[in-house]
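# Descriptive structure summary
These are the residues of each chain, in order.
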Amino acid sequence: MLTSTFFDLPVPWHNALVALLTLLYVFSVPPLMDYLVSNHGLSRDISRKITHICAGSVIVFLPLFHDGHWTMYLNVSVFAVWTLLLVQKGLFASDDDQAVKTMTRTGDKRELLRGTLFFVLVAVVCGTFYYKQLPGVLAMAVLGWGDGLAPIAGMKLGRRKYRVFCEKTLEGSLAFLAGSFLAGLFFVWLIVPQELSVSLIFLIALAATVIEGVSPREVDNLLIPLTVILLVSIL
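Residues numbered from 1 in each chain as written. Predicted model: local features only at pLDDT ≥ 70, side-chain atom pairs only at ≥ 80, totals over all residues. Heavy atoms only, no water.

## So, the overall build of the protein chain
Assigned secondary structure in the protein chain consists of 9 helices and 2 strands. Element order for the protein chain, N to C, with α for helix and β for strand: α-α-α-α-α-α-β-β-α-α-α. At 18 Å, the protein chain has a C-alpha radius of gyration in line with the 18 Å of a compact globule built from 235 residues. Projected onto its principal axes, the C-alpha positions of the protein chain cover 55 × 45 × 30 Å. (Helix = DSSP H or I, 4+ residues; strand = E, 2+ residues; numbered from the N terminus. Rg over C-alpha atoms; globule rule 2.2 N^0.38 Å.)

So this is what it looks like as structure tokens:
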């Protein structure tokens, strides 16, 4: 827990400043991805998953928030804003909108109302009901890095394919496991170090890998964090 504030500000202003930093961080990603997609041939799928990883990594700012004042919940303000934006863009955006170009697979704006919207809603739940708690931290680490790296590895390295509800690759699943485990270790150490358990994090990452492998497309953004939160509560 922090014992001092930026520039000796009152706690509410300190937390508001940290929330502003999260907004600047997250809103800098789509323009960068748009530039890379438009000018350097970065594929929509890769840009979408890089954005996904960056969004999940916003929890790196959590240690900067002071606890004990309602403004600590400003940690989800960036996701609250994105919830409104995704609904607006998913219904009314043009085809050349940055979010449509960098956060969808096919360029169909309605995709923003499914998996991407589920992601930000999960982030809001993790940052409020599970603020600086192991279930929320692990859920975001696994969802951000595991689910972000899996399709990238699958597209670039995938050779051994399998199908349950949709086609996945063994290489992608292994990347999911590695990303979830390593990100889980890092973010738990950073945010809730007293809860660090290598064996527990590995078991959670392994279970989430199985769930991701058998999940229908888009729904995994709900099933993965739900699995993580339930297992952490049970174990």
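Moving on from the coordinates now.
## A look at the packing of aromatic side chains
Summed over all chains, the structure comprises 6 aromatic pairs. Residues phenylalanine 186 and tryptophan 189 carry aromatic rings whose centres are separated by 6.0 Å and whose planes lie at 40 degrees to one another, so their mutual orientation is tilted. Within this pair, phenylalanine 186 and its partner tryptophan 189 are both found in helix α7 (residues 170-191), separated by 3 residues, close to a single helical turn. By the ring-pair criterion, three or more aromatic residues cluster together here, those being Phe186, Phe187 and Trp189. (Phe/Tyr/Trp six-rings, centres within 6.5 Å; stacked < 30°, edge-to-face > 60°.)

## A closer look at a nonpolar patch on the surface
Judged by side-chain polarity, Phe202, Leu203, Leu206, Val219, Leu222, Leu223, Leu226, Leu230, Ile234 and Leu235 come together as a nonpolar surface patch covering roughly 890 Å² of accessible area. Only α8 (198-214) and α9 (220-234) provide two or more residues apiece to the nonpolar patch. For the nonpolar patch, the element with the highest residue contribution is α9, accounting for 5 residues. Within the fold, leucine 203 resides in helix α8. (Patch = residues over 30% accessible without salt bridge, like charges linked within 9 Å, V, L, I, M, F, W, Y side chains within 5 Å. Areas by Shrake-Rupley, 256 points an atom, 1.4 Å probe, with all protein chains shown as cover. Salt bridge = Lys/Arg side-chain N within 4 Å of Asp/Glu carboxyl O.)

## Comments concerning helix α1 (residues 11-40)
Between its terminal C-alpha atoms α1 stretches 43 Å, which fits the 44 Å expected from 30 residues at 1.5 Å a residue. Close packing links the buried residues of α1 with α2 (44-56), α3 (77-92) and α4 (98-103). Where α1 ends, the next residue or the one after it, glycine 41, has phi of about 70 degrees, a positive value. (Expected span 1.5 Å × (residues − 1). Contact = heavy atoms within 4.5 Å.)

## Some details on the nonpolar core
Core analysis: the largest hydrophobic core is formed by 52 residues, its most contacted members being Phe79, Trp82, Leu138 and Val228. Top element by residues in this core is helix α6 (residues 134-157). It accounts for 9 residues. In this view, tryptophan 82 contacts Val26, Phe27, Pro30, Ala99, Met103 and Val120; residues no more than four positions away in its chain are not counted. (Core = buried A, V, L, I, M, F, W, Y, C linked by side-chain atoms within 4.5 Å. Buried < 20%, exposed > 50% of the residue type's maximum accessible area, 1.4 Å probe, protein only.)

## Details of the packing of α8 against α9
For the pair α8 and α9, interaxial distance at closest approach is 9 Å and the crossing angle is 150 degrees. Taken together, the axes of α8 and α9 are roughly antiparallel relative to one another. Two packed elements cross with a definite hand, and for α8 against α9 that hand is right-handed. Contact residues: Ile204, Ala207, Ala208, Ile211 and Glu212 in α8; Asp220, Leu223, Ile224, Thr227, Val228, Leu231 and Val232 in α9. (Axes fitted to C-alpha atoms, helices over the stretch in contact; angles between N-to-C directions. Parallel < 35°, antiparallel > 145°, perpendicular 65-115°, else oblique. Left-handed = near helix turned anticlockwise from the far one by under 90°.)

## Concerning the confidence of the model for the protein chain
Of all residues in the protein chain, 99% attain a pLDDT of 70 or more, and the chain-wide mean is 91. Least confident of the elements in the protein chain is α4, whose mean pLDDT is 75; most confident is α7, at 96. (pLDDT = per-residue confidence, 0-100.)

## Focus: the environment of alanine 153
Looking at where alanine 153 falls in the secondary structure, it is placed in helix α6. A relative accessible area of 12% places alanine 153 in the buried class. Apart from the residues within four sequence positions on either side, alanine 153 is in contact with Gly158, Glu171, Gly172 and Ala175.

## Things to note about the side chain of lysine 168
You can see lysine 168 is positioned in strand β2 (residues 167-169). Leave out the neighbours within four places in its chain, and lysine 168 touches Arg160, Lys161, Tyr162, Glu212, Gly213 and Ser215.

## Considerations on the environment of glycine 68
Position of glycine 68 relative to the elements: it lies in the loop between α2 and α3. The spatial distance from the C-alpha of glycine 68 to the C-alpha of threonine 51 is 31 Å, given a sequence separation of 17 residues.

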